[in-house]
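# Structural overview
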Amino acid sequence: MLVSDFDFTLPEHFIAKQPLAQRDASRLLCLSESGDHMNDSLIRDLPKLVKPGDVWVLNDTKVIPARLVGHKPSGGKAEVLLLEPSDETHVWHAWGKSNKPLKPGAQIIFSDTFSAEVVSRNGKHIEVRLMANDVPAAIESIGHMPLPPYINRPDTEADKARYQTVFARHAGAVAAPTAGLHLTAKLMAAMQNAGTNFAHVTLHVGPGTFQPVQVENMSEHIMHEEAYIVPEETAALVNQARLEGRRVVAVGTTSLRTLEAAGQSGTLQAGADRTSIFISPGYHFRMVDALLTNFHLPKSTLIMLVSALAGRERVLSAYEYAKKRDYRFYSYGDAMFVPNLESL
C-alpha cells in the first residue's frame, strides 16, 4: 500500500489546542464489533463498554519536561529536546536546534546553574552532557513540556499536569500516551466495578511518533525505536485472559505496540527490550482484541496501525464521520474505541 492511501483533509479548527476542563468529558466514537456502524458516546461511558474479565492495558510512562531552551555564550538562541539518556552519566541523546549547527564542544546555557556541552553531532541528532548540581532536578525546574508541534503554542504550567496520565509512574517519555489522558481515578474505579482488570506496561514514547513518513511505499518505511518493559504480572494477566477467551484492550497505540512486540510468539513475554515494530494493514494481531485511541495525523504510522485493526476504509470513513460531528482531533482531542476487525 502507499502512504497516500492514508491521507485525509483536516482543517486547522479540528485540532485540539487545549485540553477540556475535565479529562473524562471527551467524546468517544465507537466502532461496532461487526464493523458496520458507529455510535457517538462519551469517555465517561467507558464502563458500559467493559466486558467482565477484560484486561485493559495502560502505558504508565511519564513525560519529562524534555524541551530545554537556552542560548550559546555568543547570545544566539539554542534549544535541546532530550530523547533518552545514554550509558554515560548525564549524557543524553537529543535533537538540537540553533541558528547555526551545534558542533561538538558547543556550550548551551539554560540558567545560571544549568548548562550543557555538545559531545557529538549527526545531523539534528546530538549528544549533550548536562551540567548542574542536581541534573534531574534542573530538568524538572527548567524544562518545558514537549507538546506536539501541531498544538503550536507555548506550554503552560497547566500542561505539566494535563499532558500526563493520572497513572504515570516511570519517567522517560517525550510524548504522552494520549489515549490514557482521558482516564481519571474515578472512571477507572467504575471500570473495575464493571469487571475490568487493569495491567501496566511501560513504553517511553519518542518524538518519532509525530514524524511524517518520508517515503511513498510503506514497505520502505523504517520505524523509530523505543524502549519498553512488560512486568511479570502483566504478562500473566494477559496470557491467562487469552487462554480463557477474554478480551485484551490496549489503551493507546503505544500499549498496543508493546503488547504486539512482546507477543510475537503468541505468548506475552515479560521483560525489557526495544521495538521498532511497524503495524500496518495485513498485520496479524496476536495479543490485542480492541483499542482505545485518539484521532491521528494524516499519512502517519498511527493511522496505519488503527487501519490494520479495523480496515483502512472503515477508519477513513470514521474520520469523515467525526469531522461532520465536530470531534476534536489529536493529543488533546477526542477518542475512538476500535474492536479488532481484521478478519471481517
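A brief report on the enclosed structure follows.

Rules used in this analysis
- Residues numbered from 1 in each chain as written.
- Predicted model: local features only at pLDDT ≥ 70, side-chain atom pairs only at ≥ 80, totals over all residues.
- Heavy atoms only, no water.
- Pairing = 2+ DSSP bridges.
- Helix = DSSP H or I, 4+ residues; strand = E, 2+ residues; numbered from the N terminus.
- Core = buried A, V, L, I, M, F, W, Y, C linked by side-chain atoms within 4.5 Å.
- Buried < 20%, exposed > 50% of the residue type's maximum accessible area, 1.4 Å probe, protein only.
- Axes fitted to C-alpha atoms, helices over the stretch in contact; angles between N-to-C directions.
- Left-handed = near helix turned anticlockwise from the far one by under 90°.
- Contact = heavy atoms within 4.5 Å.
- Nonpolar A, V, L, I, M, F, W, Y, C, P; charged D, E, K, R; others polar.
- Salt bridge = Lys/Arg side-chain N within 4 Å of Asp/Glu carboxyl O.
- Polar contact = N/O pair within 3.5 Å; in protein donor to acceptor, adjacent residues only side chain to side chain.
- 1 Å grid on protein atoms, 1.4 Å probe; cavity = no way out; pocket = protein on both sides within 12 Å on 5 of 7 lines; lining within 4 Å.
- Points joined across faces, edges and corners; volume = space filled by probe spheres on them.
- Lys, Arg positive; Asp, Glu negative; His and termini not counted.

### Quick word on the pairing of strand 7 (residues 91-98)
One ladder, built from seven bridges, connects strand 6 (residues 77-85) with strand 7; its direction is antiparallel. From the neighbouring strand, Leu82 faces strand 7, where its bridge partner is Ala94. Where strand 6 folds back on strand 7, the antiparallel hairpin that results is connected by five residues, among which His90 adopts a positive phi of roughly 65°. The pairing of strand 7 with strand 10 (residues 125-131) spans five bridges and is antiparallel. Bridging across to strand 10, His93 finds its partner in Glu127.

### Looking at the nonpolar core
Ranked by internal contacts, the top residues of the largest apolar core, which has 67 residues, are Tyr163, Leu259 and Phe329. With seven residues, helix 6 (residues 301-310) is the largest single contributor of residues to this core. Formed by 25 residues, the second largest nonpolar core is a distinct cluster that contains Ala94, Ile126, Ala138 and Val174.

### Topic: the packing of helix 6 against helix 7 (residues 312-324)
When two helices pack together, their arrangement is given by the angle between the helix axes and by the axis-to-axis distance. Between helix 6 and helix 7, the shortest axis-to-axis distance is 7 Å and the interhelical angle comes to 120°. For the crossing formed where helix 6 meets helix 7, the hand is right-handed. Only Arg312, Arg314, Val315, Leu316 and Tyr319 of helix 7 make contact with helix 6, whose side of the interface consists of Ile303, Val306, Ser307 and Ala310. The residue inventory of the contact of helix 6 with helix 7, partitioned by class, reads six nonpolar, one polar and two charged.

### Thoughts on the pattern of salt bridges
Taken as a whole and assessed by the stated rule, the structure comprises 17 salt bridges. When the shortest N-O distance is used, the salt bridge between Lys51 and Glu33 registers 2.7 Å. Here Lys51, found in the loop between strand 2 (38-42) and strand 3 (55-59), pairs with Glu33, found in the loop between strand 1 (27-31) and strand 2; they are 18 residues apart in sequence, far enough to count as distant. The class of Glu33 is partly exposed, set by a relative accessible area of 47%. Between Arg246 and Glu244 there is a salt bridge whose closest N-O contact spans 2.9 Å. Three or more residues joined by partner-sharing salt bridges are found here, namely Glu33, Lys51, Asp54 and Arg247.

### Quick notes on the side chain of Ser26
Residue position: Ser26 is located in the segment before strand 1. One polar contact links Ser26 to His182, side chain to side chain, over a distance of 3.2 Å. Not counting the four nearest positions on each side in its chain, Ser26 is found in contact with Leu20, Leu42, Ile43, His182, Gly333 and Asp334.

### Here we look at the layout of surface pockets
The calculated volume of the largest pocket comes to roughly 870 Å³. Classifying every residue of the lining of the largest pocket gives 21 nonpolar, 12 polar and six charged. Contributing to the lining of the second largest pocket are 22 residues, with Arg67, Glu79, Leu81, Leu147 and Pro149 lying nearest its centre. Sorting the residues of the lining of the second largest pocket by element identifies strand 6 and strand 7 as the ones contributing at least two each. Looking at the lining of the second largest pocket residue by residue, the classes come out as 13 nonpolar, three polar and six charged.

### Focus on the side chain of Asp334
Examined against the element boundaries, Asp334 turns out to sit in the loop between helix 7 and strand 17 (335-339). One buried charged residue, Asp334, remains without a salt bridge, the closest side chain of opposite sign being Arg328 at 4.7 Å. Among the polar contacts made by the side chain of Asp334, one reaches the main-chain amide nitrogen of Arg27 at a distance of 2.9 Å. Separated by 2.7 Å, the side chain of Asp334 and the backbone nitrogen of Arg328 make a polar contact. Setting aside residues no more than four positions away along its own chain, Asp334 makes contact with Ser26, Arg27, His182, Asn294, Phe295, Tyr327 and Arg328.

Geometric values such as these leave the question of function open.
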